[in-house]
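A closer look at the structure
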Amino acid sequence: MRIQPGRLGFDIDGVVADTVEAFIRLAREDHGLVGIEADQITDFMVEDCLDVDPGIIQAIFQRILDEPLAVALKPISQAREVLTALAADAPLTFITARAEADPIAAWLETVLGPAAFRPARLVATGDHDAKTAHIKDMGLTHFVDDRAETCLALRAAGIRPLVFDQPWNRGRHDLPVVTGWPAIHALCYP
């Protein structure tokens, strides 16, 4: 099965952006919280799996949302390379639950470069459950997301979800999984 690049969309946090690395780094640097490891984040709701004040968790994630460039948010390994290759064939589509598009748009343009990002489509829904309508409206057949609940809702709506493997989605679904960006590349260019 080959997925046409123009029919494939992407979530951002946990798929393109290494939000967990930024969270762990900011927890250590700004709040003195040491010893947090990525594999400890076993629930999408971080406050449900870490013994950290929920106010601190919220403050860290708010900084990541508001200032992705200032907090030096990094792309997930090989995301830049694969997205740039896909962008050569069709404009990229990003649909995020972030409420504001401008901060992450500036980050994406910095990470991907203007040639790959400027033709891209970016929708900030403000709600995980609002993605389905946008995915359908944009004519996408496949969507990569790290939130199992979103992927299950997409499947129910007739969209083919690909779960981006993360500790918080393991064992929560029976959907196809992609283990990283090379796997996404292989689905588009077998």
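This text follows the structure it describes.
The text that follows walks through the structure, step by step, so that each part is easy to find. (Residues numbered from 1 in each chain as written. Predicted model: local features only at pLDDT ≥ 70, side-chain atom pairs only at ≥ 80, totals over all residues. Heavy atoms only, no water.)

The biggest cluster of nonpolar side chains holds 47 residues, and the ones touching the most others in it are F10, V16, L83, F94 and W181. Not counting residues within four places of it along the chain, the set of residues in contact with W181 comprises F10, V15, V16, I76, S77, Q78, A79, V82, L83 and F164. The next biggest cluster of nonpolar side chains, apart from the first, holds eight residues, and it includes V123, M138, L140 and I159. (Core = buried A, V, L, I, M, F, W, Y, C linked by side-chain atoms within 4.5 Å. Buried < 20%, exposed > 50% of the residue type's maximum accessible area, 1.4 Å probe, protein only. Contact = heavy atoms within 4.5 Å.)

Right, let's talk about the pairing of strand β2 (residues 93-96) for a bit. Both faces of β2 are covered, namely the face carrying T93 and I95 and the face carrying F94 and T96. Across four bridges, the pairing between β2 and strand β3 (residues 121-124) is parallel. Paired with I95 across the bridge in β3 is V123. (Helix = DSSP H or I, 4+ residues; strand = E, 2+ residues; numbered from the N terminus. Pairing = 2+ DSSP bridges.)

With that settled, consider the packing of helix α3 (residues 79-87) against helix α8 (residues 181-188). Following both chains from N to C, one finds α3 and α8 inclined at 20°, their axes separated by 9 Å at the closest point. Between α3 and α8, the angle falls in the class roughly parallel. In this structure, the crossing between α3 and α8 has a hand that is left-handed. Of the residues in α8, those in contact with A79, V82, L83, A85 and L86 of α3 are W181, H185 and C188. (Axes fitted to C-alpha atoms, helices over the stretch in contact; angles between N-to-C directions. Parallel < 35°, antiparallel > 145°, perpendicular 65-115°, else oblique. Left-handed = near helix turned anticlockwise from the far one by under 90°.)

What follows is about the pattern of salt bridges. Applying the stated criterion across every chain yields a total of 11 salt bridges. Ionic pairing is found between R118 and E109, a salt bridge with its closest N-O pair at 2.8 Å. Put simply, D165 and R170 hold a salt bridge, and the shortest N to O gap is 2.9 Å. Judged by its relative accessible area of 48%, R170 is partly exposed. (Salt bridge = Lys/Arg side-chain N within 4 Å of Asp/Glu carboxyl O.)

Moving on, we get to the side chain of T150. For T150, the location among the structural elements is in helix α7 (residues 148-156). A residue is classified by how much of its surface remains accessible, and T150, at 3% relative accessible area, is buried. Leave out the neighbours within four places in its chain, and T150 touches H128, K131 and D145.

With that out of the way, let us pick up helix α2 (residues 54-66). Between its terminal C-alpha atoms α2 stretches 18 Å, which fits the 18 Å expected from 13 residues at 1.5 Å a residue. For α2, the full list of buried residues reads I57, I60 and I64. The buried residues of α2 all sit within an arc of 70° when viewed along its axis, so they share a single face. Structurally, α2 contributes buried residues whose contacts are with α1 (19-31). Where α2 begins, the capping side chain belongs to D53, and its oxygen is found 2.6 Å from the backbone nitrogen of G55. (Expected span 1.5 Å × (residues − 1). Arc of directions from axis to C-beta. Polar contact = N/O pair within 3.5 Å; in protein donor to acceptor, adjacent residues only side chain to side chain.)

We now examine the environment of D129. On the secondary structure map, D129 appears in the loop between β3 and α6 (131-137). Here the alpha-carbon distance between D129 and P176, two residues 47 residues apart in the chain, equals 20 Å.

Turning to the packing of aromatic side chains, a few remarks are in order. One pass over the full model with this rule turns up four aromatic pairs. When the ring of F10 is compared with that of W181, the centres are 5.3 Å apart and the planes differ by 35°; the resulting orientation is tilted. Of the two residues, F10 sits in strand β1 (residues 8-10) while W181 sits in helix α8, which places them 171 residues apart along the sequence. Both residues of the pair, F10 and W181, belong to the buried class. An aromatic cluster is present here, built from F10, F94, F164 and W181 joined pairwise through their rings. (Phe/Tyr/Trp six-rings, centres within 6.5 Å; stacked < 30°, edge-to-face > 60°.)

The quantities given are spatial measurements derived from coordinates; they are silent on function.
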